[in-house]
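In case you want the letters, here they are:
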Amino acid sequence: MGCVSDKRWESFPEMLSAGLSLEETEDGEQATLESVQFPYEKVFPVYAMSLSKPDTDSVVNLGHDPIWDAVREEAKLEAEKEPILSSFLYASILAHDCLEKALAFVLANRLQNPTLLATQLMDIFSHVMMNDRDIQRSIRLDVQAFIDRDPACLSYSSALLYLKGYHSLQSYRVAHALWNQGRKLLALALQSRISEVFGVDIHPAAKIGDGILLDHGTGVVIGETAVVGNRVSLMHGVTLGGTGKETGDRHPKVGDLALLGACVTVLGNIQIGEGAMVAAGSLVLKHVPPHRYLCNFPSMVAGTPAQVIGSMDEQDPSLTMNHDATKEFFKHVAVGSRDGRSK
């Protein structure tokens, strides 16, 4: 997964004319084509590339990377189908030799402003991702989660280039690493830009696992002491917040494989059990039990405030993405309303 190549950038016009393929030399190294200057600044003023050599001594070389191979192949095909995007695809993907550098480039150019330059941000993102094995694993498990669970995600490259839920999540991961390094002001500056650009506000001290789907992302708020487990799916508008001005450990803890529907609000230091499903629009103020598929243990909650309304047929709701309460919820609401009138 690590990026260890020291070759020069390939010639963009010749790559296109050659079907965006690279020749292999007898010793297995990629042959470099004659250098041709491409006017990046004129075509994409904010897409300024950093050509500094990476610190390969500290890069983790994890060997073959099928996700990065897929991203490059998809970008080549898209450049052939949509020539108007060929410069953009080259600058964002094909000019780089690993997923970390391409992602750093994309994020830097999304988050840059007049005082946080794209080149500066790219150096920060690249350095963090290229030296953090956990982030290298997370960015791949996350993009696979988008491919597997989001029907609107067309390809690996589309997630890398266009999905702000993925962008905000990976930007948070860099900010979280900086926070843990003691660079808290820079981490908070990134949090502010992430919130401003993507509409997602995740405190850099929050702890989020791998294989996360942040679908759409808009309106997601995750507090400082919140913890989100692995393979969790969060829809837009989810809030993992506190209940007031209390300090200390004050935010929700979401177990592995949980599914939180659109506009779910969870307040306080409470547990969302492993594999539980919270229906869209719910307000959760107390613990949600874990999902016990084989025991048919109640694990679906819905309402304001949320109440346990039954169990689910799905073994892993976070992966099946069935996040409506369906007839069970409405039956529960109807019975509650009838009982209330009778009293």
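Residues numbered from 1 in each chain as written. Predicted model: local features only at pLDDT ≥ 70, side-chain atom pairs only at ≥ 80, totals over all residues. Heavy atoms only, no water.

Caption draft 1: Structural detail: the overall build of the chain. Check the secondary structure of the chain and you find 12 helices and 15 strands. Counting over 343 residues, the chain shows a buried share of 50%. Within the chain, residue pairs in contact and separated by at least 24 positions form 51% of the contacts whose partners lie at least 6 positions apart. Of the roughly 16200 Å² of accessible surface on the chain, 54% is carried by carbon and sulfur atoms. (Helix = DSSP H or I, 4+ residues; strand = E, 2+ residues; numbered from the N terminus. Buried < 20%, exposed > 50% of the residue type's maximum accessible area, 1.4 Å probe, protein only. Contact = heavy atoms within 4.5 Å. Areas by Shrake-Rupley, 256 points an atom, 1.4 Å probe, with all protein chains shown as cover.)

Caption draft 2: The arrangement of helix α9 (residues 164–180) in detail. Look at α9: 24 Å from first C-alpha to last across 17 residues, which is about the 24 Å you get at 1.5 Å a residue. Burial analysis of α9 places 15 of its 17 residues in the buried class, which makes it a mostly covered element. Just past α9, the residue Gly 182 takes up positive phi, approximately 90°. (Expected span 1.5 Å × (residues − 1).)

Caption draft 3: Highlighting the pattern of salt bridges. With the rule as written, the count across this model stands at 10 salt bridges. Between Lys 76 and Glu 73 there is a salt bridge whose closest N-O contact spans 3.3 Å. Here Glu 73 and Lys 76 lie together in helix α3 (residues 66–81), a separation of 3 residues that amounts to about one turn. Among the salt bridges present, the one from Glu 196 reaches Arg 193, with a minimum N-O distance of 3.0 Å. (Salt bridge = Lys/Arg side-chain N within 4 Å of Asp/Glu carboxyl O.)

Caption draft 4: Main features of the nonpolar core. Phe 125, Ile 222, Leu 240, Leu 260 and Ile 272 are the most contacted members of the largest nonpolar core, which has 86 residues in total. In terms of residues, this core owes the most to one element, helix α5 (residues 99–111), which gives 9 residues. Once residues within four sequence positions are removed from consideration, Ile 222 is found in contact with Asp 201, Ile 202, His 203, Ala 206, Ile 208, Leu 234 and Leu 240. (Core = buried A, V, L, I, M, F, W, Y, C linked by side-chain atoms within 4.5 Å.)

Caption draft 5: The packing of α5 against helix α6 (residues 118–130), seen in detail. Following both chains from N to C, one finds α5 and α6 inclined at 145°, their axes separated by 8 Å at the closest point. Of the two elements, α5 crosses α6, and the hand of that crossing is right-handed. Contacts between α5 and α6 involve Glu 100, Lys 101, Leu 103, Ala 104, Phe 105, Leu 107, Ala 108, Asn 109 and Leu 111 on the former and, on the latter, Ala 118, Leu 121, Met 122, Phe 125, Ser 126, Met 129 and Met 130. Broken down by class, the residue content of the contact of α5 with α6 amounts to 12 nonpolar, 2 polar and 2 charged. (Axes fitted to C-alpha atoms, helices over the stretch in contact; angles between N-to-C directions. Left-handed = near helix turned anticlockwise from the far one by under 90°. Nonpolar A, V, L, I, M, F, W, Y, C, P; charged D, E, K, R; others polar.)

Caption draft 6: Representation of helix α7 (residues 133–149) within the structure. A rise of 1.5 Å per residue sets the reference length of α7, with its 17 residues, at 24 Å; its end C-alpha atoms lie 24 Å apart and thus fit the reference within 8%. Restricting attention to buried positions, one finds in α7 the residues Ile 135, Gln 136, Ser 138, Ile 139, Arg 140, Asp 142, Val 143, Ala 145, Phe 146 and Arg 149.

Caption draft 7: Quick look at the sheet that holds strand β10 (residues 265–267). What the 5 strands build is an open sheet, ordered β1-β4-β7-β10-β13; its pairing is parallel. Where the open sheet ends on each side, the last strands, each with one partner, are β1 (201–202) and β13 (283–284). Pairing of strand β7 (residues 239–241) with β10, which is carried by 3 bridges, proceeds in the parallel orientation. Paired with Leu 240 across the two strands is Val 266, which belongs to β10. (Pairing = 2+ DSSP bridges.)

Caption draft 8: Summary view of the confidence of the model for the chain. Per-residue pLDDT for the chain has a mean of 80; in total, 70% of the residues score no lower than 70. Contacts for the low-pLDDT stretch residues 4–60, under 50 throughout, to residues beyond four places or in other chains number 89 contacts. (pLDDT = per-residue confidence, 0-100.)

Caption draft 9: Focus on the packing of aromatic side chains. Under the counting rule described, the total for this entry stands at 2 aromatic pairs. With a centroid separation of 6.2 Å and an interplanar angle of 20°, the aromatic rings of Phe 88 and Tyr 162 are classed as stacked. Here the residue Phe 88 occupies a position in helix α4 (residues 86–94), and Tyr 162 occupies one in helix α8 (residues 156–162), the gap between them amounting to 74 residues. Plain terms: the ring middles of Phe 146 and Tyr 166 are 5.7 Å apart, the flat faces sit at 85° to each other, and that makes the pair edge-to-face. Here Phe 146 is found in helix α7, whereas its partner Tyr 166 is found in helix α9, with 20 residues between them in sequence. (Phe/Tyr/Trp six-rings, centres within 6.5 Å; stacked < 30°, edge-to-face > 60°.)

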